[in-house]
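Each chain is listed here by its residues.
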Amino acid sequence: MSFRIMWSNQTFPPTLIMSSITLRVEFGGGLELLFSNIKQHKLTLPSIVPSNNGTKLNGEVLSGGETKPADVEYLMHHLRDNLLQERPELFMEDNTVRPGILVLINDTDWELEGEGEYALKDNDEVVFISTLHGG
Amino acid sequence: MSADACGNPAVETEATMDRRLKYDRSKACIKCKINAGRIVVRHAVYCKDCFPTLLSTKVKRSLEPHINPRTELSRRKSLKASGNLLIGFSGGLGSTVLLDLISKIYLSNRNELRPQDPTDGKARGGKDHPRNEPVWQKASMTDRGDEIKSLMQDKYQNLELIALRLEDAFDRKWWDQVGGRASTDVAIDVTNEDLYSRSISTSDMSDPIQKLRSYLSALPTHTAIDNAIRTLTRLLLLHTARRTQSSHLLLGTSLTSLSIRLISSISEGGGFAIREEAQEEWHPGNSSSSLPIRLIRPMQEITMKECSLWAWWNDLYVIGKEKRPGGKQGIAALTKDFIVGLERDYPSTVSTIARTCAKLAPKAEAVGSCILCERPLQPGVQEWKSRISIRATAPSSPSSAPVLRSLAPLLCYSCHTSLTSRSSKSISTKSENSPTPLPFWASAHLNALNTVNAKDEGGDVWITRRVGHNEMKGAIGEFLLE
Ligand SMILES: [Zn+2]
Ligand SMILES: [Zn+2]
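The model shown is predicted, which means the values in this text are computed figures rather than measured ones. (Residues numbered from 1 in each chain as written. Chains lettered and ligands numbered in written order. Predicted model: local features only at pLDDT ≥ 70, side-chain atom pairs only at ≥ 80, totals over all residues. Heavy atoms only, no water.)

**Concerning the coordination of the zinc ion (ligand 1)**
Residues and elements named next belong to chain B. Protein coordination at the zinc ion (ligand 1): the donors are Cys29 (SG), Cys32 (SG), Cys47 (SG) and Cys50 (SG), at 2.3 Å from the metal. Seen from the zinc ion (ligand 1), its four donor atoms lie at angles of 102 to 115°, and the figure they make is tetrahedral. Here the donor residues of the zinc ion (ligand 1) are spaced in sequence according to C-x2-C-x14-C-x2-C. Classification of cysteine 32 as partly exposed rests on a relative accessible area of 24%. (Donors = N, O, S within 2.8 Å, 3.2 Å for Na, K, Ca; no water. Tetrahedral: all angles 85-135°; square planar, octahedral: opposite > 155°, others 65-115°. Buried < 20%, exposed > 50% of the residue type's maximum accessible area, 1.4 Å probe, protein only.)

In structure tokens, the structure reads:
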């Protein structure tokens, strides 16, 4: 089995190995208001992304620059750059979500999953909930 | 113990605190030690099955010692409140979760939270077991919106809904309904620190909404408006609790919100009544004969994060609180940003704020209560204020209406500051000629005091009368150099 994997790595050019992952993303607690008031989104990300979280080269060949497996930190940048309609400061602050926003990865507190460094897998579900609309 | 362990804040580096894992040791639930953890609460990991127990334990710990009229040291006695229950409901996250938890723990016939297994609605110990006696005979809740009505019909049919609006505080109909003492309308002049009051005829200003607007627009800062809204809401609820013969009023203040309140209250000059931020006993009409109404915050050990996940996992619909334009600039909003950030990075610190404040006690006994917020009145506020501040007194002409008295000695430090503290960012442009109406309870207190003073010969000791500029000049004329 390991033999076959090694073989395929050596045979295919990097661009063909680069696949994509499909995710379900949901917003709650009023955060959806920043995202066209749509709560549930289905999206596809490249499985390998730039280490600097640049989202401009989305889906193109990443020759040169450093790369990493798509993680939640990249997902946040992707959401901010592609889906967010207004006021990015209410979603992100200092490369992570703004304080007061909870993140669940597959229904588990992201603090148990490595927060932004969690490497996303195909069919993962990520939920962003704002706690800030009053108490 | 080494010197480091005592923690010199100057030496403790960011680096050691910063990259610390958000949870202790293992990812397994610390309660059952079997299931995989799903939520981290202040470094402790819980699974989805143990999370409901965590919340109900916290609610019971904050609430149950205060249910019986006399605080019982032994918890074996059954719980029996002396009156009904009133739950304050704003539609915000905290009160939505509070309503859900209270109705699941106390108002349904099961005594535990079992959201994982909603089919099991059987009461334990049989129908007539004392455990299944209702703790409160009747429960109601208050709101401020139409959206809540449909929620009530769907989910909380066993609760009576009482709608409250901020302007009710200025509405004679509401005041009569809650059984308030008959009172003439009183207005104050907020352009002067002494806050002179006078009666206004009801025809001058009868629309409660107009009176509320006039009251709020007289306030000098956004912080003062936030404070006023909070005080109005609190007293509307307390008077409603009296009307519904409730022994308990519950509010959905989370640990996070409580810490925010504590810090901002201290910074706004409310330090003397800091204990009341967590819990208070209110004596209706200041009579000691009736039992006080207990205002309890059963969620004061539950963080906003726990509230949020509870709402999410139980599919609770959070209507959301109304936001006031300009509210972002007040002390409360700034404190909120600070505490919410602190809670994320150093989750234990926020509970330390609440625990530390719980140990604070005022040095002096209260001298009655503030006529505006009805919280304990600190002695010597005005003397102290006059010592520490340089006041510019604007020249003014005596008004023709009957002069009542200065409100200043009757207000707590916080309320007085709220009404008078102007800053460079002041937003009010109130002039002396547009008097600011007071909420009915404050007018009633003033009326009562004046009646007492009229009978009492020494009454004028109490009254700080406003004197005209010329009269004053006459009185002190010989001392003026000019
Ligand atoms: Zn467990
Ligand atoms: Zn006060």
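**A short note on the side chain of B:Thr96**
Residues and elements named next belong to chain B. Here threonine 96 shows up in helix α3 (residues 93-107). On the accessibility criterion, threonine 96 (6% relative accessible area) is buried. Excluding anything up to four places from it in sequence, threonine 96 contacts Phe89, Gly91, Leu316, Tyr317 and Val318. (Helix = DSSP H or I, 4+ residues; strand = E, 2+ residues; numbered from the N terminus. Contact = heavy atoms within 4.5 Å.)

**Focus on the coordination of the zinc ion (ligand 2)**
Residue and element names in this part refer to chain B. Each protein donor to the zinc ion (ligand 2) is listed here as Cys370 (SG), Cys373 (SG), Cys412 (SG) and Cys415 (SG); together their distances run 2.3 Å. Taken together, the four donor atoms coordinating the zinc ion (ligand 2) and their angles of 104 to 116° define a geometry best described as tetrahedral. Mapped onto the polypeptide sequence, the residues donating to the zinc ion (ligand 2) form the spacing pattern C-x2-C-x38-C-x2-C. One exposure class covers both cysteine 412 and cysteine 415, and it is buried.

**A look at the pattern of salt bridges**
This structure, assessed with the given rule, holds 22 salt bridges over all chains. A salt bridge links B:Lys48 to A:Asp107; its shortest N-O distance comes to 2.5 Å. With B:Lys48 in the loop between β2 (44-46) and α2 (51-63) and A:Asp107 in the loop between β7 (101-105) and β8 (108-109), this residue pair bridges two chains. A:Asp107 gets classed as buried once you look at its relative accessible area, which sits at 18%. Notably, a salt bridge pairs B:Arg344 with B:Asp345, separated by 3.3 Å at the nearest N-O pair. For B:Asp345, a relative accessible area of 37% puts it in the partly exposed group. Salt bridges sharing common partners tie together B:Arg234, B:Arg261, B:Glu277, B:Glu280 and B:Arg375. (Salt bridge = Lys/Arg side-chain N within 4 Å of Asp/Glu carboxyl O.)

**Considering the pairing of strand β1 (residues 20-28) of chain A**
Residue and element names in this part refer to chain A. Bridging between β1 and strand β2 (residues 40-46) involves seven bridges; their strand directions are antiparallel. Pairing of threonine 22 across the sheet is with threonine 44, part of β2. As judged from the five bridges shared by β1 and strand β9 (residues 125-130), these two strands associate in the parallel manner. Residue pairing for β9: phenylalanine 27 is matched across the bridge by phenylalanine 128. (Pairing = 2+ DSSP bridges.)

Spatial relationships are all this shows, so hold off on functional conclusions.
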